Amino acid sequence: MSNKKIAIMGAMPEEIAPILEKLGTYKTTQYANNKYYEASYKGVDLVIAYSKIGKVFSTLTATTMIEHFGAEILLFSGVAGAISSTLKVGDLIVATQLSQHDLDITAFGHPFGYVPEGAVFIEADKKMIELSKEVATSMGKSVKEGIIATGDQFVANEERKNWIGSTFDADALEMEGASVAVVCDALDVPFFILRAISDAADMDASFSFDEFLETSAIESAEFVMKMVDKIIE
Ligand code: ADE
C-alpha cells in the first residue's frame, strides 16, 4: 500500500488519452508550455501529462512532474519499435535498463551511450518490475523484460535497428525512455517504463506506427493503470 503521488507520463496525446478517459474528471494546469492533469484515484494523487516527442521534451516533463507537481513515483506508458524478433505489434515490454543510442563521444575513446560522470545504462526500479509480473499474471498477459534504447530518431531502417540491437543488447527502441530514466535516477524517484510495440523499426515502420499507435497505446495504458492499482493496493 502506497499513497505516494504518482506521475503517469506519455510522449504523445494518444498515449495518455486512455488514462484520462478512465479517470473521467481531472484538473488541468498549464505549466512550462505543457498541460498537466491532476486527479485523485482511489485516494491517491496522480499527475498525468504527455511530454511531446523526444529526449528534451520528456526530460522537461519528467522533471516538472517531480519537482513542480511533487510526484514520488513515475510510470511511463507508450509505444516502441521492436528490435527483438520475438516482439510483435501489440506486445508489451518492460524496461529493465535504458540507454541513449544516439549519445556519441566515441571520438574520445568512450563507448556509445556514455559521457563522463554518466552511465551507458540506467537501471529501472526492480520492485516495480516485480509488481509488473504480478500484474501480468493477473491479466493473463505475457510481458517481456528487456533493454530499451532511446534516441532522437524515428528508426525506420533495418541496418540502424540492428546496430542499436547489437551495440546496446536492446530489445526495443523509442524516443523518451532513457531521458526519463536519467531524471528519475538523479532525483531518486522509482520509475517504470512500459511500451507496447507499434512497429518493427524497419522500412515499413512509419506505416505500421500510424496504423497501430492508438491500439498499442491502449494496451500499454491499460497495463499501466493496473500497475497503479497494484501500487495503491
Ligand atoms: N516509437 C515507436 N516506434 C518507433 C520507432 N520506429 N523509432 C523510434 N521511436 C519509436
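Please refer to the structure placed before this passage.
What you see is a predicted model, and the numbers here were worked out from it, not measured in a lab.

So, how was this worked out
- Residues numbered from 1 in each chain as written.
- Predicted model: local features only at pLDDT ≥ 70, side-chain atom pairs only at ≥ 80, totals over all residues.
- Heavy atoms only, no water.
- Near = heavy atom within 4 Å.
- Polar contact = N/O pair within 3.5 Å; in protein donor to acceptor, adjacent residues only side chain to side chain.
- Areas by Shrake-Rupley, 256 points an atom, 1.4 Å probe, with all protein chains shown as cover.
- Helix = DSSP H or I, 4+ residues; strand = E, 2+ residues; numbered from the N terminus.
- Nonpolar A, V, L, I, M, F, W, Y, C, P; charged D, E, K, R; others polar.
- Core = buried A, V, L, I, M, F, W, Y, C linked by side-chain atoms within 4.5 Å.
- Buried < 20%, exposed > 50% of the residue type's maximum accessible area, 1.4 Å probe, protein only.
- Pairing = 2+ DSSP bridges.
- Salt bridge = Lys/Arg side-chain N within 4 Å of Asp/Glu carboxyl O.
- Contact = heavy atoms within 4.5 Å.
- Phe/Tyr/Trp six-rings, centres within 6.5 Å; stacked < 30°, edge-to-face > 60°.
- Lys NZ or Arg CZ within 6 Å of the ring centre and 35° of its normal.

Inspection of the region around the ligand gives 13 residues, with Gly-81, Phe-154, Val-155, Leu-173 and Asp-199 positioned closest. Backbone polar atom of Gly-81 to a nitrogen atom of the ligand: 3.3 Å apart, as the coordinates give it. Computed on the free molecule, the ligand has an accessible area of 260 Å², of which 97% lies beneath the protein chains in the complex. Of all elements in the fold, only strand S5 (73-82), strand S9 (172-174) and strand S10 (191-199) reach the threshold of two or more residues within the shell around the ligand. The element that contributes the greatest number of residues to the shell around the ligand is S5, accounting for three residues. Among the residues making up the shell around the ligand, the classes are represented as eight nonpolar, three polar and two charged.

Our next topic: the nonpolar core. If you look at the biggest cluster of nonpolar residues, it comprises 68 residues, and the most contacted ones within it are Leu-74 and Leu-75. A total of eleven residues in this core trace back to one element, the largest contributor, which is helix H6 (residues 205-232).

Positive phi outside glycine occurs at Lys-42, with the angle close to 50°. Turning to its location among the elements, Lys-42 is positioned in the loop between strand S3 (34-41) and strand S4 (44-50). For Glu-117, which is not glycine, the phi torsion reads 75° and is therefore positive. Judged by relative accessible area, Glu-117 falls into the exposed class, the value being 86%.

On to the pairing of S4, then. Counting buried positions over the seven residues of S4 gives five, a clear majority of the element. Note that strand S1 (residues 6-10) and S4 share five bridges and pair parallel. Looking at the pairing, Met-9 lines up with Ala-49 of S4. Judged from the five bridges that link them, S3 and S4 form a sheet pairing that is antiparallel.

Quick look at the pattern of salt bridges now. A complete count under the given rule lists 14 salt bridges for this structure. Its salt-bridge partner being Lys-141, residue Glu-219 comes within 2.7 Å of it at the nearest N-O pair. One end of the pair, Glu-219, is in helix H6; the other, Lys-141, is in the loop between helix H3 (126-139) and strand S8 (143-150), and 78 residues separate them in sequence. Overlapping salt bridges bring together Glu-15, Glu-174, Glu-176 and Arg-195 as one network.

This paragraph deals with the side chain of His-101. Positionally, His-101 belongs in the loop between strand S6 (92-100) and strand S7 (122-123). A polar atom in the side chain of His-101 sits 3.3 Å from the backbone nitrogen of Gly-151. Setting aside residues up to four positions removed in sequence, His-101 forms contacts with Ala-149, Thr-150, Gly-151, Gln-153, Val-155, Arg-160, Trp-163, Ile-164 and Phe-168.

A complete count under the given rule lists seven aromatic pairs for this structure. Their ring planes at 80° and their centres at 5.3 Å tell us that Tyr-26 and Tyr-37 sit as a pair that is edge-to-face. Of this pair, Tyr-26 sits in the loop between helix H1 (13-23) and strand S2 (27-31) while Tyr-37 is found in strand S3, placing the two residues eleven residues apart along the sequence. Judged by relative accessible area, Tyr-26 falls into the partly exposed class, the value being 35%. Through successive ring pairs, a cluster of aromatic residues spans Phe-112, Phe-121, Trp-163 and Phe-168. Positioned over the ring face of Phe-57 is Lys-52, at 4.8 Å from the centre of the ring.

Without other data, these values stay purely geometric and don't point to any function.
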